[in-house]
Amino acid sequence: MSIEYDGEIVCEINGVEIDIVSFDDTVKTGKKIVKTMNRKGKPKGSVKGIQDVTMKITAPAPAIGEFSWRTMVDARIVIYPVDNPSKRTTFFDCNVDNVGSKYQLENEMVRDISLYALDKVDPQ
């Protein structure tokens, strides 16, 4: 018996569905190793840090009606699989760090957007 995996996702920003090509998110725990001088020459522990949530979105740039990425402030981003809408991941207080453009021969123009979020809630 094969295992079924989630595929394409829907991305909503403040309740509005946005067309995207790819979505990547990274959560850094902020934990750091504490190195001390001791006889064993090994670290003895770690320190709790501050969590850091970053995202990268690639979105097509339509000729008319493009989403205003640069003006997005404290947005709520929700992503979920097309075939499983109850499996939602929510990012709170999202802000854009930078926006870039990519032009390729025989491909559509896309925007590469880097964002950060103050919180991420995974599906239960």
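The structure under discussion appears in the preceding block.
Going along each chain's sequence as written, the residues are numbered from 1 onward. pLDDT decides what is reported in this predicted model: residues at 70 or higher carry local features, side-chain atom pairs at 80 or more are listed and counted, and totals for whole chains, interfaces and linings draw on all residues regardless. Excluded from the side-chain calculation are hydrogens and water; included are all heavy atoms of the structure.

What follows deals with the pairing of strand β1 (residues 9–13). Accessibility here uses a 1.4 Å probe with only protein chains present; expressed as a share of the type maximum, an area under 20% marks a residue as buried, one over 50% as exposed, and anything in between as partly exposed. The numbering of helices and of strands both runs from the N terminus, where a helix is a DSSP run of H or I of at least 4 residues and a strand a run of E of at least 2. In terms of residue burial, β1 counts as a mostly covered element, since 4 of its 5 residues are buried. Alignment of β1 against strand β7 (residues 75–81), held across 5 bridges, turns out to be antiparallel. Following the sheet pairing, I13 is matched in β7 by I77. Pairing between two strands requires that DSSP report at least two bridges joining them. Summarising the sheet, β1 and strand β2 (residues 16–18) pair through 3 bridges and their orientation is antiparallel. Each bridged residue has a counterpart across the sheet, and for I13 the counterpart in β2 is V16. Where β1 folds back onto β2 in an antiparallel hairpin, the turn is made up of 2 residues, including N14, whose phi is positive at roughly 50°.

The next point concerns the state of the cysteines. We call a pair of cysteine sulfur atoms a disulfide when they lie within 2.5 Å. One pass over the structure, following the stated rule, counts 0 disulfides. Among the cysteines around C11, which has no disulfide bond, C94 carries the closest sulfur, lying 9.2 Å off.

Put simply, two rings from Phe, Tyr or Trp (the six-membered ring, in Trp's case) pair if the centres are within 6.5 Å, and we call them stacked under 30 degrees between planes, edge-to-face over 60, tilted for the rest. Summed over all chains, the structure comprises 2 aromatic pairs. Look at F23 and F91: their rings are 5.6 Å apart centre to centre, the planes differ by 50°, and that puts the pair in the tilted class. Within this pair, whereas F23 is found in strand β3 (residues 22–28), its partner F91 is found in strand β8 (residues 89–102), the two being separated by 68 residues in sequence. Look at F91 and you get buried, because its relative accessible area is 0%. Ring centres 4.6 Å apart and planes at 65° place the aromatic pair F67 and W69 in the edge-to-face group. Judged by relative accessible area, F67 falls into the partly exposed class, the value being 28%. We count a charge as sitting over a ring when the NZ of a lysine or the CZ of an arginine lies within 6 Å of the ring centre and within 35 degrees of the ring normal. Directly above the aromatic system of Y80 lies the positively charged group of R88, at a separation of 4.1 Å from the ring centroid.

This next bit is on the side chain of E12. Position of E12 relative to the elements: it lies in strand β1. It turns out E12 is buried and unbridged, and the closest side chain with the opposite charge, R88, is 4.1 Å from it. Looking at E12, its side chain comes within polar contact range of the side chain of Y80, at 3.0 Å. With near-sequence residues (within four places) excluded, E12 lies in contact with E17, R76, I77, V78, Y80 and R88. Asp and Glu count as negative and Lys and Arg as positive, but His and the ends of the chain are not part of the count. Any Lys or Arg side-chain nitrogen found within 4 Å of a carboxyl oxygen on Asp or Glu counts as a salt bridge. Polar contact criterion, stated in full: a pair of N or O atoms within 3.5 Å, where within protein one must be able to donate a hydrogen and the other to accept it, and residues adjacent in sequence count only if both atoms are side-chain atoms. Contact criterion: two residues are considered in contact whenever any of their non-hydrogen atoms come within 4.5 Å of each other.

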